[in-house]
Amino acid sequence: MTPAMAELSGHFLSILGPSGVITDPVRLRTYECDGLSYHRATPAIVVLPETAEQVAAVVRACDRTGTPFVARGSGTGLSGGALPRTDGVLIVTSRMRRIIEIDVANRRAVVEPGVTNLAITEAARPFGYYYAPDPSSQQICSIGGNVAENSGGAHCLKYGFTVNHVLAIELVTPDGEIVELDAMDPGYDLLGAFIGSEGTLGIATKITVRLSRAPEVVTTLLAAFGNVESGGRAVSAIIGAGIVPAAIEMMDALAIEAAEAAVRCDYPPGAGAVLIVELDGPSAEVAHQFAQVERLCQESGAFELRIADDPAERAAIWKGRKSAFAAVGRISPAYLVQDGVVPRTALPRVLAGIEELAARHGIRVANVFHAGDGNLHPLVLFDDAEEGAGERAELVSSAILDLCISYGGSITGEHGVGVDKSRYMPKMFTPEDLDTMQLVRCAFDPKGLSNPGKIFPTPRLCGEAPGVRKGVHPLVASGEAELF
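Our subject in this report is the structure included herewith. (Residues numbered from 1 in each chain as written. Predicted model: local features only at pLDDT ≥ 70, side-chain atom pairs only at ≥ 80, totals over all residues. Heavy atoms only, no water.)

### What to know about the overall build of the protein
- Counting its secondary structure elements, the protein contains 17 helices and 18 strands.
- In terms of overall size, the protein behaves like a compact globule, its C-alpha atoms giving a radius of gyration of 23 Å where 484 residues would be expected to give roughly 23 Å.
- Accessible surface computed for the protein: about 20100 Å², of which carbon and sulfur atoms make up 54%. (Helix = DSSP H or I, 4+ residues; strand = E, 2+ residues; numbered from the N terminus. Rg over C-alpha atoms; globule rule 2.2 N^0.38 Å. Areas by Shrake-Rupley, 256 points an atom, 1.4 Å probe, with all protein chains shown as cover.)

Okay, here's the thing in structure tokens:
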């Protein structure tokens, strides 16, 4: 540890006490990556604050010393968004896990950032409410991380993403000030700008979320098809009929194989793809829509249908899908997960393109995706002990995103850009677009200390004129500024 970091560590000890500061090299390695283990870096210092005031004090110290900092929740992110800096401070909010209020009358909950996604629903359930966004990692992912990444989940097709369910946020700005953003604030939508900013505009310390009324009826259908193409036809037919399911998910044969090996989900044998369709709402409406969905799946080639009405049966159907990412560890030593989006009508062609890429490079790819909105999660499998396998997997992963862009899609739907996909940003956005985004970031964080090196492929110094930088920036050359 450098003398400057040692001094900073001593200051943090005075704020947080010995249990709130980690400098031991072995313990620091616990935090070297998030859920995307392909990228790793060991932080110089880890701090575990328990209050907003402690977060603010830590950030003020970083601001004063010019030390970069990164916020981390449960560490389940899949884009390297919480990848620490080896020369910086990692601020872990997992100890800030109080549910401050369940306000039934106003249909909202006030929570700290370390509260897990599912814990909000569990707290609201006795009152007949729940929190709608449901990432697959909802049992362990934190609401602070959900806000940073604008997380979605299986039910975002009908209910939207995190941004549609957050009413207000208390946050610590990159210079250490505690401020509040509210959806009702006049002027610019600063709350909307903050949600999904991946920790580059500050750290959330208290979040007010909208609670949704639990539906009268929930019915889940699992349809087994011989191949993905048949399942895709069913998806198009369902959406084309004007039905908007709460969720409509698909897994291909390789993803099913992994899920069976991991959690024994007992999906229909011989299925080349399974489609999970969930309908919720008033009983009469669900019954009418369900009859249509059942018929459309059969007409599209489904050879087996399973129907679940009670929570236990629904959980059994969802078991394989919810465990899909972790499950591939049973059939592959390592994997990369991507998060591209394509128009729903392009799904068959894109999936065929992914299959061709995998065959060409000798790499297996398991496909799990939100079929209703075209959000793909291809899992690129490889053996990291095999020389060159990681590079081939990275090549296929990159080509999949290029494929998504070529069909008018996006490089991310809900996992974020982080460090993993920043190099693809110029393929989606013009230099003028990227400059405008960075000017917004500079308005919040003029020193560039808050989660630097994420989202943007070529970070710019705040205050310089927009445009392509040529050569070393004068302030960097003179030693007056540092480019993170």
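### Here's the deal with the pairing of strand E18 (residues 375-382)
- For E18, the tally of buried residues reaches eight of eight residues, placing the bulk of the element in the interior.
- The alternating pattern of E18 places Asn375, His377, Leu379 and Leu381 on one face and Leu376, Pro378, Val380 and Phe382 on the opposite face, and all of these are buried.
- Bridge count between strand E16 (residues 334-337) and E18: four bridges; the pairing is antiparallel. Considered in E18, the bridge of Leu336 is made with Val380.
- Both strand E17 (residues 364-370) and E18 contribute to a ladder of seven bridges, which runs antiparallel. Directly across from Phe369, in E18, lies its bridge partner Leu376.
- Hairpin remark: E17 followed by E18, antiparallel, with four residues in the connecting loop; positive phi at Gly374, about 70°. (Buried < 20%, exposed > 50% of the residue type's maximum accessible area, 1.4 Å probe, protein only. Pairing = 2+ DSSP bridges.)

### Looking at helix H1 (residues 3-16)
- For H1, spanning 14 residues, the distance from its first C-alpha to its last is 20 Å, which sits close to the expected 20 Å at 1.5 Å a residue.
- For H1, the full list of buried residues reads Met5, Leu8, Ser9, Phe12 and Leu16. An end-on view of H1 places all buried positions within 105° of arc, on one side of the element. Set apart from the buried face of H1 by more than 90 degrees, the exposed residues are Pro3, Glu7 and Ser14. (Expected span 1.5 Å × (residues − 1). Arc of directions from axis to C-beta.)

### Thoughts on the sheet that holds strand E10 (residues 203-210)
- Spatially, the five strands line up as an open sheet ordered E5-E6-E10-E8-E9, and their pairing is antiparallel. A single partner strand is all that each edge strand has here, and the edge strands are strand E5 (99-103) and strand E9 (178-182). With strand direction ignored, the average angle separating the axes of adjacent strands in the sheet is 15°.
- Note that strand E8 (residues 166-172) and E10 share six bridges and pair antiparallel. Its bridge partner lying in E10, Glu170 is registered against Lys206.
- Sheet contacts for helix H3 (residues 52-65): E8, E9 and E10; angle to E8, the most-contacted strand, approximately 50°. (Axes fitted to C-alpha atoms, helices over the stretch in contact; angles between N-to-C directions. Contact = heavy atoms within 4.5 Å.)

### Description of the pattern of salt bridges
- In total, this model carries 18 salt bridges according to the counting rule given.
- Arg321 is paired through a salt bridge with Glu249; the nearest N and O atoms lie 2.7 Å apart. Placement of Arg321 in helix H11 (residues 311-322) and of Glu249 in strand E13 (residues 247-252) is noted, with a sequence separation of 72 residues between them.
- By relative accessible area, Arg321 is classed as buried at 3%.
- Taking relative accessible area as the criterion, Glu249 reaches 1% and is therefore assigned buried.
- Sharing partners across several salt bridges, the network here consists of Arg29, Glu32 and Arg40. (Salt bridge = Lys/Arg side-chain N within 4 Å of Asp/Glu carboxyl O.)

### What to know about the pairing of strand E4 (residues 89-92)
- Neither face of E4 is exposed, since Val89 and Ile91 on one face and Leu90 and Val92 on the opposite face are all buried.
- Of the strand pairs in this sheet, strand E2 (residues 45-47) and E4 are connected by three bridges, and their pairing is parallel. Looking at E4, one finds that Ile45 is bridged to Val89.
- Relative to E4, strand E3 (residues 69-72) runs parallel, the two being bridged by four bridges. From the neighbouring strand, Arg72 faces E4, where its bridge partner is Val92.

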